[in-house]
Amino acid sequence: MSTQTSLIKDILELKKSRKAEILAHFYEDGDIQDIADHVGDSLYLAQQGQKSSADVILLAGVVFMAESVKILSPNKTVLVPDLNAGCSLVSGSPYKEYLRWRLAHANHIAVTYVNSSAELKAISDVICTSSNAEKIINAIPKDRGILFGPDKNLGRYLARKSGRDMLFWEGSCEVHVLFNAQHLHNMKLEHPDAVVIAHPECEDGVLAQCDVIGSTSRLLAEVQKNPAKKFIVATEDGIFHQMRKSRPDAVLLQAPIDEACSCNQCPYMKLNTLEKIRNALRDLKPQVNVPPPLAKLAQVSLNQMMDVTQGKSVTWSSRFFEPKF
Ligand code: 13P
Ligand code: SF4
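Residues numbered from 1 in each chain as written. Chains lettered and ligands numbered in written order. Predicted model: local features only at pLDDT ≥ 70, side-chain atom pairs only at ≥ 80, totals over all residues. Heavy atoms only, no water.

Caption draft 1: Representation of the sheet that holds strand β8 (residues 166-168). With parallel pairing, the four strands of this open sheet are ordered in space as β6-β5-β7-β8. In this open sheet, the two edge strands, each paired with only one partner strand, are β6 (126-128) and β8. Across the sheet, the mean angle from the axis of one strand to that of its neighbour is 25°, orientation sign disregarded. Bridging between strand β7 (residues 146-149) and β8 involves three bridges; their strand directions are parallel. Considered in β8, the bridge of I146 is made with M166. Where helix α6 (residues 95-104) meets the sheet, it contacts β5 (109-113), β7 and β8, and its direction lies at approximately 165° from that of β7. The sheet contacts of helix α9 (residues 152-162) involve β5, β7 and β8, and relative to β8 the element is tilted by about 165°. (Pairing = 2+ DSSP bridges. Helix = DSSP H or I, 4+ residues; strand = E, 2+ residues; numbered from the N terminus. Axes fitted to C-alpha atoms, helices over the stretch in contact; angles between N-to-C directions. Contact = heavy atoms within 4.5 Å.)

Caption draft 2: Representation of the site of ligand 1 in the model. Taken together, H25, Y27, D41, S42, N115, S130, H176, H199, E201, S215 and T216 form the complete shell of residues around ligand 1. At 2.7 Å from an oxygen atom of ligand 1 is found a side-chain nitrogen or oxygen belonging to H25. The side chain of H199 places a nitrogen or oxygen atom 2.9 Å from an oxygen atom of ligand 1. When ligand 1 sits alone it has 300 Å² of accessible area, and the protein chains cover 96% of it. Here ligand 1 occupies the largest cavity. When grouped by side-chain class, the residues that make up the shell around ligand 1 number one nonpolar, eight polar and two charged. (Near = heavy atom within 4 Å. Polar contact = N/O pair within 3.5 Å; in protein donor to acceptor, adjacent residues only side chain to side chain. Areas by Shrake-Rupley, 256 points an atom, 1.4 Å probe, with all protein chains shown as cover. 1 Å grid on protein atoms, 1.4 Å probe; cavity = no way out; pocket = protein on both sides within 12 Å on 5 of 7 lines; lining within 4 Å. Sits in = over half its atoms within 2 Å of the grid points. Nonpolar A, V, L, I, M, F, W, Y, C, P; charged D, E, K, R; others polar.)

Such coordinate-based values are descriptive only and should not be taken to indicate function.
Put into structure tokens, the structure is as follows:
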């Protein structure tokens, strides 16, 4: 039996004995996506974690995704394969500085991208992901200013779409900012028949040239339903696994980056391996825990996101005060 086959066998046995479920993001390697119970974008994974009746959730993605699951389901054991699976948006938005910014705009509604720490979620009014962000922005009363962070590219894209008055935190995704607008222009001239699709974490010059902008699940859906035979894709390369499975007939081209390197891979997502997943299920560690007082506050903004996403009517806070946790 090959090492890979024996690892998969171990994982499937451990999943049963631990009453565990594996949730994997689209940016994971194909072998990880293939053993997962659910594969999806950030919103879908958070929803599946909340719905799940499993005792243990192993989140094959990055740590902020696992934190969201833990915050929404505090009684579950939440595992990650590698605690170093961070995100440049999280490391680029330190709590104290973000709090200062938040306090300086206490009357604004703080909309925070899910790619953020639990602390940032705790001082926000509502969370969004790339798949529900437009709906969240449109649900906010028109007379309220909006503070958006930590991804300035997603924020600017939302302001252009909605026409809303927004202030942005200067954060970005270290992977998506590498897609190059000039190279993309040249590639489009070479492939005039291609449909160009991009994640909104890309910079304005790239987004301006795209036919479709959306979350990972939106981009996958476009490839699945659009009869075109060629696509230029500006997002992390893990998404190609599902795209190739559903459209083996289509030519799928990676949008160009600055240099000849694997920069279109998220170094944090790619820390996860089958071996680390097997070990985590076997040893029940590393676990992701969020201190309860912090989790309680972060849950408020995550629940607000879930309610708006489901079309429920919600109220918006009037002024922000520094919380204690
Ligand atoms: P999605 O929510 O679209 O899956 O995006 C997550 C992410 O980290 C993009 O870089
Ligand atoms: Fe964070 Fe970018 Fe990786 Fe997504 S692709 S997890 S935004 S670093």
